[in-house]
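In case you want the letters, here they are:
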Amino acid sequence: MIKIHNLGFPRIGAQRELKFALERHWRGEDSLETLEHTARTLRQRHWLTQKAAGLDWIPVGDFACYDHVLSTLFLLGALPSRFAIDPAQATLADQFTLARGNASQPAMEMTKWFDTNYHYLAPEFDRHTTFAAQPRWLLEPLAEARALGLAAKPVLLGPLSLLWLGKSKDGVDRLSLLPALLSAYGELLSALSIHGVDWVQIDEPILGLDLPADWLAAYQPAYTQLAAQAPRLLLASYFASVLPQRDLLKRLPVAGVHLDVVRAPEQLAGFVADWPRERVLSLGVIDGRNIWRADLNALLTQLAPLAAQWGEQLWLAPSCSLLHVPVDLAQETELDAEVKTWLAFAVQKLNELKLLARGLNHGADSIANELAACRHAHNSRRTSPRVVNPAVRQRLADIRPGDDQRRSAYPQRARAQHDWLQLPLLPTTTIGSFPQTADIRAARAAWRAGKLDAASYDAAMRAEITLAVRKQEALGLDVLVHGEAERNDMVEYFGEQLDGFVFTRHGWVQSYGSRCVKPPVLFGDVSRPQPMTVAWSVFAQSLTERPMKGMLTGPVTILQWSFVRDDLARAEVCRQIALAIRDEVLDLENAGIRVIQIDEPAFREGLPLKRADWDAYLDWAGQSFRLSAAGVDDATQIHTHMCYSEFNDILPAIAALDADVITIETSRSDMELLDAFAEFAYPNEIGPGVYDIHSPRIPDSAEMVKLLNKALAVIPARRLWVNPDCGLKTRNWAETEAALTNMLTATRQLRAQLAATV
Ligand SMILES: Nc1nc2c(c(=O)[nH]1)N[C@@H](CNc1ccc(C(=O)N[C@@H](CCC(=O)N[C@@H](CCC(=O)N[C@@H](CCC(=O)O)C(=O)O)C(=O)O)C(=O)O)cc1)CN2
Ligand SMILES: [Zn+2]
């Protein structure tokens, strides 16, 4: 009898209950107790859903109100010292202070969770970091789960992954903190042991990365120490193959290992052949990162011999936590009926597991009807005429080598651009979005619900655009944007207008804290039936003499932030999107929009986790960006924008995108990033962000002058732009205008300083 379990469940709620509860609390409308009550209700509901799916083990401790890395820090008492919070007394309110900052301290830094669009809060370590286990954070939910009669399996982020994912604030070697950290983990595990816990899932996702030798070497002593006082440990890997670490894993005193065989099926044979039979082999066979219905027929055939050999030592699960998929497909009553049969969200994925277990334990006949339905859905998807568009395939085949190259090299283009743009030194601009106010969202919601007609919605958005243009002129910005009021999201908006996509009503996935995204579903060949942004940009340009930047999302980011078909190589899909964006770029240019930004904030996120795969990715991703951009005249200025990323290791590839201007997030790293740009002699223009847009805090102009002086030390003034870190959609107008006023003041001061020195 094989067993089934789950690694983690989405926290946000099918109706985004957690999001709304958090935001009500932060606005001061609900008490902390009310919020905690909602959180408890949600996690209990999620446990019962999992119980109904017949799981043998249910994860506990995967729930977090803000972020699971942040929760782990509270569990271990490893709070950044600058907040001066006593871990023994800490409350949920303190979690929000760390996550969102306060009057005297900026928020903890947010960064991407591996290659996902989820952002965690990066632990801050220094030589004075101490640890003190606070088991109450885990024992409370454990008691709640047990009260519901559940077989609870606590989930912990493992010690080496926790250290690796953090930042050293004073140069301290994070590994030197391991002994102290292990004592705290030891205390936690003993507490769980005392409370009668059988199994603990300990996540070490970094095992899939190319780890340095000293980090790998730390595993053996660390886990030997932990296992001594712990319940049975199931060491969970995901997102990449851990086959290179198989011998290490065998030496560790863990009772089981979890493998992601959706992302890395090639590791399966190696483990089956060699993993000790008395230990658990947990296989992640249901895709936790995508929304396609599993092929149960194929899985049954593949797994039946393993089930016979391994019996109850074989566990099946989703490939990773279900955090990365929406909650329940049943809510999608408006989704195209055929496409709907091709999909599975978290609840459906657990049902797939249940069917697999039944089929393996009681024979395929016991699920004959479900297998037939599954076969039917897969056939329908494979043979659907909507999936393949011959014209798109032909266009891809017709791509010629020069199609991704601009007509002239940057120096010549720069002359042509500067001739007509006539911008001052240190030109100022913003990244695209202005505040998405409640009024804007309400107007869109009313229009979608049929309560506001199209013409009125259009007029409301034009009024927002007009307001944004007037405000920018008053502030004195040089290159304007229209503000993106008409966009629900920078990816979903384009997905809705392109062929080859469908979109959901409730398919929300947590991005960070209370912020969610609703990734469009890319199921077929992509093409652009008609212009998508031209009318808005032309309208915005008509309001001003200043240059108006056209604003597009790039092909790599559209790919990365969608749920993408798994029946065509990502490189091909990306090129299809690139050609659609290329058409839009050319239509914008024809309509007189001659500064065009193609955002690629997810360019770094798409980088494979293993270095061996980097070159191939950078090759097709870079080509796709250039395909989208390269059709224009020399005098048309192409911008790109990137954020949330460490770019240092891929700078040559970023330079190879050959954008005329790149605006990047740098302020939170205090412009550290720019050293790398200088070292590599980045050849084109750069706008390093001069302030963090994620926090309500308003930096003064002196702070920005300091950052700009840092930038000027490494980038020549004539190639330097001034802008915020990212778009301003999550801010309100008061914060936005105050911060931009300071940015303009700082710029004028720097211009005067430069004029005085030449
Ligand atoms: N896809 C994507 N990934 C990204 C980013 C991004 O912009 N897009 N930015 C980075 C950071 N991530 C972010 C992710 C989300 C948000 C964000 O603001 N999300 C909004 C939702 C945005 C949205 O889709 N809005 C829709 C729908 C809004 C909505 O929920 N409407 C209500 C009703 C309207 C109301 O009265 O509010 C409803 O339909 O129920 C719209 O504007 O139309 C949120 O969580 O609140 C910000 C940053 C990295 N990853
Ligand atoms: Zn950005």
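What counts as what
- Every residue gets a number counted from 1 within its own chain, in the order that chain's sequence is written.
- Each chain gets a letter, beginning with A, and each ligand a number, beginning with 1, in the order they are written.
- At least 70 in pLDDT is required for a residue's local features to be given in this predicted model, at least 80 for side-chain atom pairs to be given and counted, and no such filter applies to totals for whole chains, interfaces and linings, which use all residues.
- Side-chain figures throughout are based on the complete set of non-hydrogen atoms in the structure, without hydrogens or water.
- UniProt positions are given in the numbering used here, feature names are shortened, and annotations may be inferred rather than shown by experiment.
- Helical segments are the DSSP runs of H or I of at least four residues, strand segments are the runs of E of at least two, and each set is numbered from the N terminus.
- Exposed residues in this analysis have more than 50% of their type's maximum accessible area, buried residues have under 20%, and partly exposed residues fall in between, with area computed by a 1.4 Å probe over protein chains only.
- Working definition: residue near molecule or strand if any one of its non-hydrogen atoms lies within 4 Å of it.
- For the area figures, the Shrake-Rupley method with a 1.4 Å probe applies, and any residue is considered shielded solely by the protein chains shown.
- Axes here mean lines fitted to C-alpha atoms, for a helix over just the part in contact, with angles spanning 0 to 180 degrees between N-to-C directions.
- For classification, angles of less than 35 degrees are called roughly parallel, those exceeding 145 degrees roughly antiparallel, those between 65 and 115 degrees roughly perpendicular, and all remaining angles oblique.
- A clockwise turn of the near helix away from the far one marks a right-handed crossing, whereas an anticlockwise turn of less than a right angle marks a left-handed crossing.
- The contact criterion used throughout is that any non-hydrogen atoms of two residues lie within 4.5 Å.
- Only Asp, Glu, Lys and Arg are considered charged, only Ala, Val, Leu, Ile, Met, Phe, Trp, Tyr, Cys and Pro nonpolar, and every remaining residue, Gly among them, polar.
- Note that water is not among the atoms considered, so a metal site may appear incomplete; the donors listed are N, O and S atoms within 2.8 Å of the metal, with 3.2 Å applied to Na, K and Ca.
- For salt bridges, the criterion is a side-chain nitrogen of Lys or Arg within 4 Å of an Asp or Glu carboxyl oxygen.
- Two strands qualify as a pair provided DSSP detects at least 2 bridges between them.
- Here a crossover is taken to be right-handed if, once the strands point away from the viewer, the path from the first strand over the helix to the second is traced clockwise.
- Stacked, edge-to-face and tilted are the three classes for Phe, Tyr and Trp ring pairs, Trp counted by its six-membered ring, which pair at centre distances within 6.5 Å; planes under 30 degrees apart are stacked, over 60 edge-to-face, the rest tilted.
- Look at NZ for Lys and CZ for Arg. If either is within 6 Å of the ring centre and within 35 degrees of the ring normal, a charge sits over the ring.
- The residues that make up patches have over 30% relative accessible area and no salt bridge, and they are joined within 9 Å when like-charged or within 5 Å when they are Val, Leu, Ile, Met, Phe, Trp or Tyr.
- All tallies of charge rest on Lys and Arg as positive and Asp and Glu as negative; His and the ends of each chain are not included.
- We put the charge of a Lys on NZ, of an Arg on CZ, of an Asp on CG and of a Glu on CD.
- Given a helix with a known number of residues, its expected span is that number minus one, times 1.5 Å.
- The directions from the helix axis to the C-beta atoms are what the arc is built from.

Focus on the UniProt feature "binding site: Zn(2+) 1" (unreviewed entry) in the protein
According to UniProt, the feature "binding site: Zn(2+) 1" (unreviewed entry) maps to His641, Cys643, Glu665 and Cys726 in the numbering used here. In three dimensions, the annotated residues from a span of 86 residues occupy one location, with a maximal C-alpha spread of 8.4 Å. With respect to the helices, strands and loops of the structure, Cys643 is situated in the loop between β20 (637–642) and α24 (651–655). Cys643 gets classed as buried once you look at its relative accessible area, which sits at 2%.

Some details on the site of ligand 1
As a matter of local geometry, ligand 1 sits amid 24 residues, with Lys19, Asn117, Arg444, Asp489 and Lys729 nearest to it. Protein burial of ligand 1: of its 980 Å² of free accessible surface, 78% is covered by the chains.

A look at the packing of helix α26 (residues 701–712) against helix α27 (residues 733–757)
Between two packed helices, the angle of one axis relative to the other and the distance separating the axes together describe the packing. Where α26 contacts α27, the two axes come as close as 8 Å, and the packing angle between them is 50°. Here α26 lies oblique to α27, going by the angle between them. Crossing of α26 against α27: the hand is right-handed. Taken together, the residues of α27 that come into contact with α26 (itself represented by Ser701, Met704, Val705, Leu708, Asn709 and Leu712) are Ala739, Asn742, Met743, Thr745, Ala746, Gln749, Leu750, Gln753 and Leu754. Within the contact of α26 with α27, the residues separate by chemical class into nine nonpolar, six polar and no charged.

Describing the coordination of the zinc ion (ligand 2)
Protein-derived ligands of the zinc ion (ligand 2) are His641 (NE2), Cys643 (SG) and Cys726 (SG), with the metal-ligand distances lying across 2.1 to 2.4 Å. In terms of primary sequence, the donors binding the zinc ion (ligand 2) are separated according to H-x1-C-x82-C. Here the residue His641 occupies a position in strand β20, and Cys726 occupies one in the loop between α26 and α27, the gap between them amounting to 85 residues.

Points about the pattern of salt bridges
This structure, assessed with the given rule, holds 39 salt bridges. The shortest N-O distance in the salt bridge between Glu605 and Lys112 comes to 2.4 Å. One end of the pair, Glu605, is in the loop between β19 (595–599) and α23 (614–629); the other, Lys112, is in strand β3 (residues 110–112), with 493 residues separating them in the sequence. The partner of Glu737 in a salt bridge is Lys471, with the nearest N and O atoms 3.2 Å apart. Residue Glu737 is found in helix α27, and its partner Lys471 is found in helix α18 (residues 454–475); the two are separated by 266 residues along the sequence. One network of salt bridges, with partners in common, ties together Arg393, Asp525, Arg565 and Asp567.

What to know about the sheet that holds strand β18 (residues 563–564)
One open sheet accounts for three strands, arranged β13-β16-β18; its pairing is mixed. Looking at strand neighbours, the two that pair on one side only are β13 (499–502) and β18, the edges of this open sheet. Strand direction decides the pairing type here: strand β16 (residues 521–527) and β18, joined by two bridges, are parallel. Bridging across to β18, Leu522 finds its partner in Val564. On the sheet, helix α22 (residues 570–590) packs against β16 and β18 and is oriented at approximately 55° with respect to β16.

Thoughts on the pairing of strand β11 (residues 280–286)
Taking burial as the measure, the seven residues of β11 include seven buried ones, the bulk of the element. Where strand β10 (residues 256–260) meets β11, five bridges bridge the pair, whose relative direction is parallel. Each bridged residue has a counterpart across the sheet, and for Val257 the counterpart in β11 is Leu281. In this fold, the crossover linking β10 to β11 by way of helix α10 (residues 268–274) has right-handed handedness.

Topic: the packing of aromatic side chains
Tallying each qualifying case throughout the model produces 20 aromatic pairs. Every member of this aromatic cluster is reached through a ring pair, and the members are Trp113, Phe114, Tyr120, Tyr238 and Phe239. Seen from the ring of Phe539, Arg462 lies directly overhead, with NZ or CZ sitting 4.5 Å from the centre.

Describing the sheet that holds strand β6 (residues 152–157)
In spatial order, the strands read β1-β12-β11-β10-β9-β8-β6-β2; together these eight strands make up an open sheet with parallel pairing. Two strands close off the open sheet at either side, each with one partner strand: β1 (3–4) and β2 (58–60). Note: strand β9 (residues 232–236) against β10, three bridges, orientation parallel. Paired with Ala236 across the bridge in β10 is His258. Here helix α5 (residues 136–147) sits on the sheet and contacts β2 and β6; the angle it forms with β6, its principal contact strand, is near 160°.

Some points on a negative patch on the surface
There is a patch of like negative charges on the surface, built from Glu646, Glu672, Asp675 and Glu679. Here Asp675 is to be found in helix α25 (residues 672–679). Note on Asp675: relative accessible area 44%, which makes it partly exposed.

Some points on the environment of Asp499
Its place among the elements puts Asp499 in strand β13. Expressed as a C-alpha distance, the spacing of Asp499 and Thr557, which sit 58 residues apart in the sequence, is 17 Å. Residue contacts for Asp499: discarding those within four places in its chain leaves Asp525, Val526, Ser527 and Pro529.

Brief notes about unusual backbone geometry
Here Gln422, not a glycine, exhibits a phi torsion of approximately 50°, which is positive. Structurally, Gln422 can be placed in the loop between α16 (410–421) and α17 (438–448). Its identity is not glycine, yet Ala681 carries a phi of approximately 55°, on the positive side. Among the structural elements, Ala681 can be located in the loop between α25 and β22 (685–688). You can call Ala681 exposed: its relative accessible area is 56%.

Points about the side chain of Thr38
By secondary structure assignment, the location of Thr38 is in helix α2 (residues 32–52). Among the residues examined, Thr38 registers a relative accessible area of 19% and is labelled buried. If we skip the residues at most four places from it in the chain, Thr38 touches Glu17 and Ala21.

Notes on the UniProt feature "binding site: Zn(2+)" (unreviewed entry) in the protein
The UniProt feature table records "binding site: Zn(2+)" (unreviewed entry) at His641, Cys643, Glu665 and Cys726. Setting aside residues up to four positions removed in sequence, Glu665 forms contacts with Met642, Cys643, Tyr644, Leu673, His694 and Asp725. Overall, Cys726 belongs to the buried group, its relative accessible area being 14%. The residues contacting Cys726, other than those within four sequence positions of it, are Ile431, His641, Cys643 and Ile693.

Brief notes about the packing of helix α15 (residues 390–397) against α22
The contact between α15 and α22 brings their axes to 10 Å, and the two run at 90°. In terms of axis orientation, α15 runs roughly perpendicular to α22. Across from Val392, Arg393, Arg395 and Leu396 in α15, the residues of α22 making contact are Glu572, Arg575, Gln576, Leu579 and Asp583. Split by residue class, the contact of α15 with α22 holds three nonpolar, one polar and five charged.

Quick look at the pairing of β16
A regular strand carries its side chains on alternate faces of the sheet. Among the seven residues that make up β16, seven are buried, leaving the element largely enclosed by the rest of the structure. Where β13 and β16 come together, three bridges link them in antiparallel fashion. If you follow Val502 over to β16, its bridge partner there is Val521.

What about α5?
Its 12 residues give α5 an end-to-end C-alpha distance of 16 Å, which sits within 8% of 16 Å, the value for a rise of 1.5 Å per residue. Buried within α5 we find Leu138, Pro141, Leu142, Glu144 and Ala145. Buried residues of α5, viewed axially, fall in a sector of 160°; they line one side. Among the structural elements, α2, β2, α3 (68–76), β6 and α7 (178–194) are those in contact with the buried residues of α5. At the exit of α5 stands Gly149, carrying a positive phi of roughly 75°.

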